[in-house]
Amino acid sequence: ADYSPLDRAKGIDKTVTACKTQKLTGTGVFQTEGDVTAVVNSLGTRQFFEETKTQFSLTASLSDTVSGWSQGYGQDVNKINIADLTQTAISKALASQNPIELPPGEYTVILEEAAVASLLLFLAFLGFGAKTFAAGRSFMVGNIGEKITGDNITIIEDPYDPVMNAMPFDYEGVVKKRVTLIENGVAEGVVYNSYYANKAGVESTGHALLPNNTFGPYPKNMVMAGGNSGMEEMIASTEKGILITHFWYINYMNPMKTMVTGTTRDGTFLIEKGKIKSSVKNMRIGQSILEAFSNAEMISRDRKLCPQFGVVMYVPAMKINEFGFIGG
């Protein structure tokens, strides 16, 4: 909370210097934030929470088509390793020169954590809230208690996980509950605010968003279980595949089938015989998220906090088979 603009400038100065040394353009953000939330109403609700957040992201670019990216997020600015994050983005940019073009089709992919987080975020948009569930527009409808992903997928909405330490109540002042969304591949439940809880005859799970929102209740602190693999092990085990840093402009194709599209971004690489062979021109995906999570062959033991659109996710990297690409 006491980290000053000058402190941030010192960190950015090192990043700018490192980018200039490699003749790269650096763009991004280094942000520190202190938030206070109070919910008070005439029914006697009195809730108060104070927190800090910090985020560093960098896109290191050689041209419009050659770039690398990295991101760090947390509550303690002293745990954001700017030097390592800067080097990651620079290394990806330099390795992205002279990309080759791959034809559309199905490939084995290794998704870094930010790419996994994007898929998880849109899965939540599509079905983990009670609004779409009540309207029959969620893939969870008719599937509670049924297998919808691979056995190695467990996703929990958990603001109380030590890495989250998130606000423990929602914008109605209701205390948040830990909600299992998918456990060992089986659909378990969705999150509620008071309105949709009353309609369904259940208790609110404490997931109301700010008033006048159009989304309804929504999970904001999702934790995905890790596996027992490492990134190097995933790459070494891949005969032919694509390593993806993150996605850009993901959008829906078929919500009930969780089909989405979007493009790879800022570091896409061809893997052959267990080694990174070359960079690849950005490709457009056309993929069902549930099918992708059903085809996850390996999951990393290490996980990373990834913020996207006001949601924080704690996710691993994943090796996924038969991942669909529909163009460039």
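Each remark here, short or long, concerns the structure printed above.
Quick caveat: nothing in here was measured; it's all calculated off a predicted structure.

Concerning the packing of aromatic side chains
Here comes step 1: Taken as a whole and assessed by the stated rule, the structure comprises twelve aromatic pairs.
Here comes step 2: Measuring from ring centre to ring centre gives 6.0 Å for Phe125 and Phe215, while their planes differ by 15°; the resulting arrangement is stacked. Residue Phe125 is found in helix H3 (residues 113–127), and its partner Phe215 is found in the loop between helix H5 (194–200) and strand E8 (221–224); the two are separated by 90 residues along the sequence.
Here comes step 3: For Phe125, a relative accessible area of 22% puts it in the partly exposed group.
Here comes step 4: Of note, Arg265 hangs over the ring of Trp248, and the distance from its end group to the ring centre comes to 4.3 Å.

Points about the sheet that holds strand E2 (residues 46–61)
Here comes step 1: Ordered by their spatial adjacency, three strands build an open sheet running E1-E2-E3, and the pairing between neighbours is antiparallel. Strand pairing shows two members of the sheet lacking a second neighbour, strand E1 (25–40) and strand E3 (67–74), which therefore form its edges. The mean inter-strand angle of the sheet, taken between neighbouring strand axes irrespective of direction, is 15°.
Here comes step 2: As judged from the eight bridges shared by E2 and E3, these two strands associate in the antiparallel manner. Bridge pairing in E3 places Gln55 opposite Tyr73.
Here comes step 3: Each of E1, E2 and E3 is contacted by helix H2 (residues 82–95), which is oriented at about 155° to E3, the strand it contacts most.

A short note on the pairing of strand E4 (residues 105–111)
Here comes step 1: Counting buried positions over the seven residues of E4 gives five, a clear majority of the element.
Here comes step 2: Note that E4 and strand E14 (residues 311–327) share six bridges and pair antiparallel. In the strand pairing of E14, Val109 is matched with Ile320.
Here comes step 3: Across four bridges, E4 lies against strand E9 (residues 240–254) in parallel orientation. Directly across from Val109, in E9, lies its bridge partner Ile242.

Considerations on the layout of surface pockets
Here comes step 1: Roughly 530 Å³ of internal volume is contained in the largest pocket.
Here comes step 2: Around the largest pocket, the lining comprises 32 residues; the ones closest to its centre are Glu51, Lys53, Tyr73, Gly310 and Val312.
Here comes step 3: Residue assignment for the lining of the largest pocket shows that the elements contributing at least two residues are E1, E2, E3, strand E13 (296–308) and E14.
Here comes step 4: Considering only residue class, the lining of the largest pocket consists of 14 nonpolar, ten polar and eight charged.
Here comes step 5: Here the second largest pocket is characterised by a volume of approximately 410 Å³.
Here comes step 6: Taken together, 17 residues form the lining of the second largest pocket, with His246, Phe247, Trp248, Gln308 and Phe309 sitting closest to its centre.
Here comes step 7: When contributions to the lining of the second largest pocket are tallied by element, the ones reaching two or more residues are E3, H3, E9, strand E10 (259–272) and E13.
Here comes step 8: Here the element with the most residues in the lining of the second largest pocket is E9; it accounts for five residues.

About the criteria used
- Residues numbered from 1 in each chain as written.
- Predicted model: local features only at pLDDT ≥ 70, side-chain atom pairs only at ≥ 80, totals over all residues.
- Heavy atoms only, no water.
- Phe/Tyr/Trp six-rings, centres within 6.5 Å; stacked < 30°, edge-to-face > 60°.
- Helix = DSSP H or I, 4+ residues; strand = E, 2+ residues; numbered from the N terminus.
- Buried < 20%, exposed > 50% of the residue type's maximum accessible area, 1.4 Å probe, protein only.
- Lys NZ or Arg CZ within 6 Å of the ring centre and 35° of its normal.
- Pairing = 2+ DSSP bridges.
- Axes fitted to C-alpha atoms, helices over the stretch in contact; angles between N-to-C directions.
- Contact = heavy atoms within 4.5 Å.
- 1 Å grid on protein atoms, 1.4 Å probe; cavity = no way out; pocket = protein on both sides within 12 Å on 5 of 7 lines; lining within 4 Å.
- Points joined across faces, edges and corners; volume = space filled by probe spheres on them.
- Nonpolar A, V, L, I, M, F, W, Y, C, P; charged D, E, K, R; others polar.

So yeah, pure geometry; function would need other evidence.
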